[in-house]
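Close look at the chain arrangement
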Amino acid sequence: MIDNSVWPLLIIASSLAPAILIFFIPENSRFLRSAVNIGGALIKLQLVVLLVLGIYAGEVYELSWALLPGLDFRLQIDGLAVMFLLLSAFLWLLTTIYAIGYLENSPNRARFFGFFTLCVSATAGVAMAGNLFTFVMFYEFLTLATWPLVVHRGTEKAIAAGRVYLRYTLIGGGALLLGTVLLHAFAGTPSFEPGGYLSAIDLPDWVLWSVFVLLMAGLGVKAALVPFHSWLAQAMVAPAPVSALLHAVAVVKAGAFGIARVMFEVYGIEYADALGMAFVLLVLAALTIVYGSLRALYQTDIKKRLAFSTVSQVSYVALGIALAGPIGAIGGLIHIAHQGLMKITLFMTAGNFSETLGVHKINQLNGIGQRMPWTTMAFSLAALGMIGLPPMVGFLSKWYLGIGAWEVGAYWVMAVLFASSLLNAAYFLPMIYRAWFLSAPAEWPHERRLSAHCETHWMLLVPPLVTAFTVVVLGLVAGFALGTLGWVQWLVEQEFVQ
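Residues numbered from 1 in each chain as written. Predicted model: local features only at pLDDT ≥ 70, side-chain atom pairs only at ≥ 80, totals over all residues. Heavy atoms only, no water.

**A closer look at the packing of aromatic side chains**
- What the rule picks out here adds up to 22 aromatic pairs.
- Ring pairing ties together the aromatic residues Tyr56, Trp487 and Trp490, which thus form one cluster.
- Lying over the aromatic face of Tyr139, Lys222 brings its terminal NZ or CZ to 3.9 Å of the ring centre. (Phe/Tyr/Trp six-rings, centres within 6.5 Å; stacked < 30°, edge-to-face > 60°. Lys NZ or Arg CZ within 6 Å of the ring centre and 35° of its normal.)

Written out as structure tokens, the structure reads:
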């Protein structure tokens, strides 16, 4: 029987140990490296599934020790943490399989997979952080683990994108750290607490607002809130598995997840609403949703269009939180999982188009559904989900966000959601139309035969098919208790409704 305090360490070790080992595996030992990669991912997924059952049974998982007087390093696994852990563990397994196929004959695979797996350890730490100080530690660890992935190709363009990425994320990290230190000076660093802890402490408004601005600036960089979003499109120079990881699991999700922790468990959403902070975040999120969609509409590069789509879609999480009501909270929190599933499908399929046929531009998609029907089907399902078409999971997110806006009387937010859905349709439907209804060219830009039996290598094909299937199934079983909706409803009831 494992002591509950050990579980957080086991979760981190399940990816940290493989990461360290992978750095020392010789470059030509492909089978051993793949076995360590996939073995670590399977162990982590199994551990997280056991945690889900434990959380349902009322078990408490926490670990804490004092680093300095009044300052603890603390890990705790609550409902919100386990949702993020389950998403990252499931998608890590699929992304690892995809990355092995994608980088099959590439150089520096040991370095790539070492940092790739370190990135998952950092994400697990972000999910399980039990107070702001611990959160900042893993948040910065995530920055350092992802930078080598952004510059992995080593081209001039990749190095330039890496500089921009570091500039934004380190400045953002500095703001987050400064806000955390300022808050510690006035209120200490208590554990995250459902309902928040600042309402019980009599702090001047200037302190509360200063901390809020610093924390939101730091978290807004990774969550790609306007005006902190510019690094995201430039980071698209990274290989497709990295783009999938950055957009669906790790970096942008860490920012959105941090906003949820701060608004719900540091300030408390009712207190933040009373101070006017929720409204500021609501306006910022709405602005980002519309801006990201408009920028996506004018992109001609597939990955850049997807990147600006991420800018828009991740802000649905902040929007749902800032609505300051339980139904809006369900819509925002459920979108952490739903956006991850849809966006990772889109990036993996975009990677398949480029690796198999050399297709990078939207005007090169003509007739690609005839050459790669399974990949194009996965792309189409995820894109329709992003628009919000039922029964895909994107519909659930938008439904609860819309009802949540109605619940609190924020009718203008419903107009923003409607406009965003129209823009989503305006930039995704032409891609689907080109792929399925226009004639294929006589010759593709750079076609490679990666499989004798399939349209591409099976390791590139299976992961997006699984995620696309999940996008549909989770939408169909939304009413069941074990679906994402049931889990988030339970989460909101357990943690945020006092």
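We are not done yet, so read on.
**Concerning the nonpolar core**
- If you look at the biggest cluster of nonpolar residues, it comprises 184 residues, and the most contacted ones within it are Met263 and Tyr267.
- Take this core: its biggest share by element is 17 residues, from helix H3 (residues 79-102). (Core = buried A, V, L, I, M, F, W, Y, C linked by side-chain atoms within 4.5 Å. Buried < 20%, exposed > 50% of the residue type's maximum accessible area, 1.4 Å probe, protein only. Helix = DSSP H or I, 4+ residues; strand = E, 2+ residues; numbered from the N terminus.)

**Topic: the layout of surface pockets**
- Here the largest pocket defines a volume of roughly 560 Å³.
- As for the largest pocket, its lining consists of 26 residues, and the residues nearest its centre are Met236, Val237, Asp301, Lys303 and His360.
- Broken down by secondary-structure element, the contributors of at least two residues to the lining of the largest pocket are helix H6 (156-187), helix H8 (231-234), helix H13 (302-322) and helix H14 (326-357).
- Per element, the largest residue contribution to the lining of the largest pocket is four residues, and it comes from H14.
- Of the residues in the lining of the largest pocket, the class split is 11 nonpolar, seven polar and eight charged. (1 Å grid on protein atoms, 1.4 Å probe; cavity = no way out; pocket = protein on both sides within 12 Å on 5 of 7 lines; lining within 4 Å. Points joined across faces, edges and corners; volume = space filled by probe spheres on them. Nonpolar A, V, L, I, M, F, W, Y, C, P; charged D, E, K, R; others polar.)

**Focus: empty space enclosed by the protein**
- The full count for this structure, using the stated rule, is two cavities of 30 Å³ or more.
- Of the pockets and cavities examined, the largest cavity occupies roughly 50 Å³.
- What lines the largest cavity is simply Arg30, Arg33, Ser34, Ile100, Leu103, Glu104, Arg109 and Phe113.
- Mapped by element, the contributors of at least two residues to the lining of the largest cavity are helix H2 (30-56) and helix H4 (109-128).
- Considering every element that reaches the lining of the largest cavity, the biggest residue donor is H2, with three residues.
- When the residues that make up the lining of the largest cavity are grouped by side-chain class, the tally is three nonpolar, one polar and four charged.
- Empty space within the second largest cavity amounts to approximately 30 Å³.
- Listing elements by their share of the lining of the second largest cavity, those giving two or more residues are helix H5 (132-150) and helix H10 (251-267).
- Sort the elements by how many residues they give to the lining of the second largest cavity and H10 lands first, with three residues.
- Residues that form the lining of the second largest cavity fall into these classes: six nonpolar, one polar and one charged.

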